[in-house]
Amino acid sequence: MSNYLFDEFQGVTPAEWKQKIQVDLKGADYNDTLLWKTEEGITVKPFYTKEDRTNTKVNTPNKGFAICQSINIENEEKANLFAIDSIQRGANAVEFKAKKEFDYKTLLKGIDPQKTLLYFTFSFLSSEFIKELASFINSDNCFLNIDIIGNLASSGNWYSNLKNDHTQLEEITKTTKNAICVDTSIYQNAGATITQQLAYALAHANEYLHHFGSSIANNIHFNFSVGSNYFFEIAKLRAFRILWNVLLKEYNTEVTAHIFAQPSLRNKTLYDYNVNMLRTTSECMSAILGGASTVVNSSYDKIFHQPNEFGERISRNQLLILQQESELAEAQNIANGAYYIETITQQLAQKALEVFKLIEKGGGFLKQLKEGVIQRKIKESADKEQQLFDSGELVLLGTNKIQNENDKMKNDLEVSPFLKIRNEKTLIQPIIQKRLAEKLEQERLQNE
């Protein structure tokens, strides 16, 4: 193919681009006008060139992402029918959420664990039951989302106590694979910055490596929530894979991270709730392009409605459209070579590693949780974000900007969309997960 058209154009250096921009600014300062400083301390430039490349490739082991359907186990037969229907309609992974022990034979009737990824998220800890479940399924496609440290962080208590929780988890990991889930969504939904999320995810996982040894690395997988900062969220998942590899090198082992991703709840809104579909679509795209192994979407009405067929179907179809119509089925490594994404990936990884080292120097993640250091750092970041929302600098369309005054929601609430105040004694201060719009929404509900 002839290059004669391109030969007419001379190469332009970054310095020449910057000089041209400075002229077009007509006296305005380049740094003050066009450089953007993020909460992570990263300076974003108006343009990037090949000179900004880091040449750091982040490869995922999977050729495509799995589409997951999340199901609460209230009734085993109904949950089974819902799972089978979801699989027939395009899902190839199912997450079951359980508050108590259940009849797993009824739940899994007609579901082939060799063809379908299965995730189990428990609100309880029972080594005997979980071992029975894993033995019954007998598949590497089964992921048991057990996170005793995550439970402590979010609830303020162990399931039982430190010793018993670790003993039960050890019993489970002796006979089962994929048993430990590091749930980093806690930190994102509480308002932590991306740098904090990455550092806490790494330090959180390191507690398990410290306690159980390097061989446990094969048993660990990760749950991430993805926010609305599109390119930074792509970079976040890529940066974590780099950090995980760096950490495991210290243990003389190598395991590729399995990442389960879902949209954030922090920016979802009660009013003008259809906008939530736009938010979750963007967030699912970030998860896919960032290299998530499995993506589960959230329905647009999740925060105020009981799970329903329409909402779940729409959320699943969003992923199917991204996979099949947008041709993102095998796009996990598509960001390799993108100057901007490579640059922020590297910077996020570096800054998170610095925070991680400070945590380890301070005695480790569990120690800093018990001392309230982690909680305080997240609250500081969350308060800053809340101030930006309250002042209108951080916009959630239809909520704190361009409100529809005729939008009435008081009679449409099937579940409470607000933070529940718990009156129980806790060992440590729990990390509070809260949506940005809650205070404003409560005021609007009172005035309806």
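Residues numbered from 1 in each chain as written. Predicted model: local features only at pLDDT ≥ 70, side-chain atom pairs only at ≥ 80, totals over all residues. Heavy atoms only, no water.

As recorded by an unreviewed UniProt entry, the protein chain carries the name Heterodimeric methylmalonyl-CoA mutase small subunit and is attributed to Tenacibaculum gallaicum.

## A closer look at the sheet that holds strand β10 (residues 294–296)
To be explicit about the condition: If DSSP finds at least two bridges between two strands, the strands pair. Every helix listed is a DSSP run of H or I at least four residues long, and every strand listed is a run of E at least two residues long, numbered separately from the N terminus. Lines are fitted to the C-alpha atoms to define the axes, a helix being fitted only along its stretch in contact, and any angle between axes, read from their N-to-C directions, falls within 0 to 180 degrees. Contacts: residue pairs with any heavy atoms within 4.5 Å of one another.
Strand order across the open sheet formed by eight strands is β6-β5-β4-β3-β10-β9-β8-β7, with parallel pairing between neighbours. Edge positions in the sheet fall to β6 (142–145) and β7 (180–183), since each has one partner strand and no second. Across the sheet, the mean angle from the axis of one strand to that of its neighbour is 25°, orientation sign disregarded. Where strand β5 (residues 117–122) meets β6, four bridges bridge the pair, whose relative direction is parallel. Bridge assignment links L118 to a residue of β6, and that residue is C142. Taken strand by strand, helix α11 (residues 230–250) contacts β8 (220–226) and β9 (259–263), and its axis lies near 160° from that of β8.

## Some details on the pairing of strand β3 (residues 66–72)
Note the cut-off: Relative accessibility decides the category of a residue: with a 1.4 Å probe and only protein chains considered, values under 20% of the type maximum give buried, values over 50% give exposed, and everything between is partly exposed.
With six of seven residues buried, β3 lies mostly within the body of the structure. As paired strands, β3 and strand β4 (residues 93–98) are joined by five bridges and run parallel to one another. In the sheet register, C68 faces β4, and the bridge partner there is A93.

## A look at the pairing of β9
Here is the rule we go by: Orienting the strands away from the viewer, one traces the path from the first strand over the helix to the second; a clockwise path indicates a right-handed crossover.
Summarising burial for β9: five of the five residues are buried, a large majority. Bridge count between β8 and β9: five bridges; the pairing is parallel. Following the sheet pairing, S225 is matched in β9 by Q262. In this fold, β8 hands off to α11, which returns the chain to β9; that crossover is right-handed. Sheet analysis places β9 next to β10, joined by two bridges and oriented parallel. Counted as the bridge partner of F260 is T294 from β10.

## What to know about the UniProt feature "domain: Methylmalonyl-CoA mutase alpha/beta chain catalytic" (unreviewed entry) in the protein chain
Put simply, the rule reads: UniProt positions are given in the numbering used here, feature names are shortened, and annotations may be inferred rather than shown by experiment.
Per the UniProt annotation, the sites labelled "domain: Methylmalonyl-CoA mutase alpha/beta chain catalytic" (unreviewed entry) are residues 147–417. Between the first and last C-alpha atoms of residues 147–417 the distance is 25 Å; the span itself is 55% helix and 7% strand.

## Focus: the nonpolar core
Grouped burial of nonpolar side chains is what soluble globular proteins tend to show. Selection rule: Throughout this description, the term nonpolar core refers to a set of buried Ala, Val, Leu, Ile, Met, Phe, Trp, Tyr and Cys residues connected via side-chain atoms within 4.5 Å.
Core analysis: the largest hydrophobic core is formed by 102 residues, its most contacted members being F96, F102, F120, F122, L144, F240 and W244. In terms of residue count, helix α10 (residues 194–212) provides more of this core than any other element does, 11 residues in total. Apart from the residues lying within four places of it in its own chain, the contact partners of F122 are A98, F102, F129, I130, L133, L144, N145, I146 and Y159.

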